[in-house]
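Breakdown of the fold
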Amino acid sequence: MGFTLEAFVADARAAAAAADPLAAVTRLMADTLADPARVAAGAPTPDRDETCLFEDATVSVWHERFQPDVELPPHDHAMPAVLGVYQGRERNRLWHRVDGLARPGGALVLEAGGFHVFGPDDIHSVHAEDGAPSLGLHVYLGPLTTVPRSLFDWETGAAIPLTGANFETLLRPLS
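A brief structural summary. Each chain carries its own residue numbering, running from 1 in the direction its sequence is written. Two thresholds apply to this predicted model, a pLDDT of at least 70 for residue-level local features and 80 or more for giving and counting side-chain atom pairs, whereas whole-chain, interface and lining totals are computed over all residues. Note: side-chain values were computed over all heavy atoms of the structure, leaving out hydrogens and water.

1. Quick look at the overall build of the protein chain
Rules: Helical segments are the DSSP runs of H or I of at least four residues, strand segments are the runs of E of at least two, and each set is numbered from the N terminus. Radius of gyration: over C-alpha atoms. The globule rule applied is 2.2 Å multiplied by the number of residues raised to the 0.38 power. The rule is simple: take the accessible area with a 1.4 Å probe, protein chains only, and divide by the maximum for that residue type; under 20% is buried, over 50% is exposed, in between is partly exposed. The criterion used for residue contact is that any of the two residues' heavy atoms lie within 4.5 Å. Calculation of accessible area relied on Shrake-Rupley with a 1.4 Å probe; when residues are assessed, cover is drawn exclusively from the protein chains displayed. Within this scheme the basic residues Lys and Arg register as positive and the acidic residues Asp and Glu register as negative, but His and the chain ends are omitted. Charged groups are reduced to one reference atom each: NZ for lysine, CZ for arginine, CG for aspartic acid, CD for glutamic acid.
Within the protein chain, the regular secondary structure consists of four helices and 12 strands. Its C-alpha atoms give the protein chain a radius of gyration of 15 Å, near enough to 16 Å, the size a compact globule of 175 residues would have. Dimensions of the protein chain, computed from the C-alpha atoms along their principal axes, are close to 50 × 40 × 25 Å. Every one of the 175 residues in the protein chain was classed for burial, and the buried ones make up 43%. Relative to all contacts within the protein chain whose residues are 6 or more apart in sequence, the contacts with residues 24 or more apart total 74%. Carbon and sulfur atoms make up 55% of the accessible area of the protein chain, which totals about 8,300 Å². A gap of 2 Å separates the mean positions of the 12 positive and 24 negative side-chain charges of the protein chain.

Shown next, in the form of structure tokens:
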């Protein structure tokens with residue numbers, strides 16, 4: 001059977017209702033991305049970089065496209081998240097909180113079929129590599145669009161509220 005976003009959303013909703021939602025969503029992502037070509041064949045070509053496929057009080061499911069010419073600013077999710085890539089390659093810069101400020105802490109590269117579990121306090125910035133967009137599925141264990149979240153200044157590491165305007169201001173062009 002082929003992959004559909006509708007079926008993935010239904011499976012993510014069921015996983016979020018499990019006794020151990022993080023474990024269930026992680027299993028779902030691992031199973032789904034075991035064949036990233038199947039996902040790529042079944043997922044529609046995105047017309048936007050970020051598309052919310054479903055959100056309620058327990059789970060948010062997003063389709064993401066990251067670009068190679070811009071890095072999304074450091075941000076948190078304020079909830080556990082399982083982020084996976086089915087096409088392309090993305091670089092996540094990991095940040096750590098030190099005395100309330102975000103400080104660079106390492107990198108994580110995800111290729112097609114790869115995924116990572118982020119905790120509610122984890123901070124990352126992200127961009128696509130290899131000159132092409134990366135495509136992925138993200139499952140957040142909560143209502144992503146309604147909880148207060150933070151962005152972090154690239155230079156100072158200071159937290160600021162995640163708003164559309166602040167996000168656009170902190171986008172970093174890559175040369």
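The discussion continues.
2. Here we look at the nonpolar core
Taken as a class, soluble globular proteins show a tendency for nonpolar side chains to be buried jointly. Operational definition: Among the buried residues, those of types Ala, Val, Leu, Ile, Met, Phe, Trp, Tyr and Cys that are joined through side-chain atoms within 4.5 Å form a nonpolar core.
Counting 23 residues, the largest nonpolar core has F3, F8, M29, Y86, L137 and V139 as its most contacted members. Of all the elements in the fold, those that place two or more residues in this core are α1 (5-16), α2 (21-33), β4 (81-87) and β9 (134-140). Discounting residues that sit within four places of it in the chain, F8 has contacts with F3, L28, M29, T32, V61, L137 and V139. F66, I123, W154 and F167 belong to the second largest nonpolar core, which has 12 residues in total.

3. Description of the layout of surface pockets
This is how it is decided: Grid spacing is 1 Å over the protein atoms alone, the probe is 1.4 Å, and a cavity is where that probe fits but cannot get out, while a pocket is an open set with protein on both sides within 12 Å along at least five of seven lines and lining residues have an atom within 4 Å of a point. Grid points are joined across faces, edges and corners, and a volume is the space filled by probe spheres set on the points. Three classes are used, and their members are as follows: Ala, Val, Leu, Ile, Met, Phe, Trp, Tyr, Cys and Pro are nonpolar, Asp, Glu, Lys and Arg are charged, and the others, Gly among them, are polar.
Approximately 340 Å³ is the volume found for the largest pocket. Looking at the lining of the largest pocket, the elements with two or more residues in it are β2 (60-66), β3 (70-76), β8 (123-128) and β9. For the lining of the largest pocket, the element with the most residues is β2, which contributes three residues. Looking at the lining of the largest pocket, its residues break down into 11 nonpolar, five polar and three charged. Every element with two or more residues in the lining of the second largest pocket is listed here: α1 and α2. Classifying every residue of the lining of the second largest pocket by side-chain character gives five nonpolar, three polar and three charged.

4. Here we look at the side chain of S60
Going by this rule: Polar contacts here mean pairs of N or O atoms no more than 3.5 Å apart (in protein, one a potential hydrogen donor and the other a potential acceptor; neighbouring residues in sequence count only if both atoms are side-chain atoms).
Looking at where S60 falls in the secondary structure, it is placed in strand β2. Look at S60 and you get buried, because its relative accessible area is 0%. Among the polar contacts listed, one links the side chain of S60 to the side chain of E55, at a separation of 2.9 Å. Here L144 takes part through its backbone nitrogen, which lies 2.9 Å from a polar atom of the side chain of S60. Apart from the residues lying within four places of it in its own chain, the contact partners of S60 are F54, E55, H138, V139, Y140, G142, P143 and L144.

5. Quick notes on the environment of R89
For R89, the location among the structural elements is in strand β5 (residues 89-98). Between the C-alpha atom of R89 and that of M1, which follows or precedes it by 88 residues, the distance is 26 Å. Every residue in contact with R89, bar those within four places of it in the chain, is listed here: V109, L110, E111, H127, A128, E129, D130 and S134. Within the structure, R89 has its side chain in polar contact with the side chain of E111 (distance 2.5 Å). Separated by 2.8 Å, the side chains of R89 and E129 make a polar contact.

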